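Now for the letters of each chain:
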Amino acid sequence: MRRAILLPCLFAAVASVSLARPAHALFSGGGGIKEGDPAPLFSGQTIDNQKIDFAQLKGKKVVILDFWSIYCASCIEEMPGLIEIHNEFSKKGLQVIGVNLDSFGTHRVVKFMQGMENKITFPVIIDKTRQIATSFNAMVLPTTLVIDASGKIRFYHVGYKPGDEKKLRAIVAQAVKEIKK
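The rules behind these values
- Residues numbered from 1 in each chain as written.
- Predicted model: local features only at pLDDT ≥ 70, side-chain atom pairs only at ≥ 80, totals over all residues.
- Heavy atoms only, no water.
- Helix = DSSP H or I, 4+ residues; strand = E, 2+ residues; numbered from the N terminus.
- Buried < 20%, exposed > 50% of the residue type's maximum accessible area, 1.4 Å probe, protein only.
- Contact = heavy atoms within 4.5 Å.
- Areas by Shrake-Rupley, 256 points an atom, 1.4 Å probe, with all protein chains shown as cover.
- pLDDT = per-residue confidence, 0-100.
- Disulfide = S-S within 2.5 Å.
- Phe/Tyr/Trp six-rings, centres within 6.5 Å; stacked < 30°, edge-to-face > 60°.

**Some words on the overall build of the chain**
Across its full length, the chain holds seven helices and seven strands. Tracing the chain from N to C terminus, the helices and strands come up as α-α-β-β-α-β-α-β-α-β-α-β-β-α. Considering the chain as a whole, with its 181 residues, one finds that 42% of them fall into the buried category. The contacts in the chain between residues at least 6 apart in sequence include a share of 73% that link residues at least 24 apart. Counting every atom, the chain has about 10,400 Å² of accessible surface; 58% of that belongs to carbon and sulfur.

The following block contains the structure:
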């Protein structure tokens, strides 16, 4: 009888402590990547079979990594702003890379992208195994990072609301100014 009462009480106590923590802590396990940390090395194949290797970009480019899914409404809402930032800064040293986390295959993602009103103008990697997402602790979508040319994470943002692109643009503008030519 005592065990039957104690078990639900123990569960309730653990749940209340867990729920009292910030939402990102629930996903990150308390650790993970933060602004100022060096970015993990990563590589992947784009939807058009090009290889992207961060090691080749480090020291030369500012990188925006955007983790997204075709089923994420906020991700799709964020895309026009990312496309604008890419178009504005790509010739000044910015490389935007979309990292799609849909696991059902490239064909469906490509078909979805072809039907988008705002066409994605930057490379997109399909991260079916979540290897890149895991290394960047991107467990909630969208997750957007800016990695400066030195390889440090300058900006780590989870979610999207209209207006977020203003801060992103300002961070990118400053980071591309700092690229050593």
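The discussion continues.
**Thoughts on the confidence of the model for the chain**
Predicted confidence across the chain gives a mean pLDDT of 86, with 82% of residues reaching 70 or more. Long-range and interchain partners of residues 1–30, a stretch whose pLDDT sits below 50, account for eight contacts in this model, where long-range means more than four residues apart.

**Let's talk about the state of the cysteines**
What we call a disulfide is simply a covalent bond connecting the sulfur atoms of a pair of cysteines. Tallied over the full model, the rule gives one disulfide. The partner cysteine of C72 in its disulfide is C75, sulfur to sulfur 2.3 Å. The S-S bond linking C72 to C75 shows a torsion near 80 degrees; that makes this disulfide right-handed. The residues C72 and C75 share a single accessibility class, namely buried.

**A look at the packing of aromatic side chains**
Applying the stated criterion across every chain, the model contains four aromatic pairs. Judged by centre distance (5.7 Å) and plane angle (80 degrees), the rings of F42 and F136 are edge-to-face. Linking F42 in the loop between α2 (23–28) and β1 (43–45) with F136 in the loop between α6 (131–135) and β6 (143–147), this pair joins segments that are 94 residues apart in sequence. Judged on exposure class, the residue F42 and its partner F136 are both buried.

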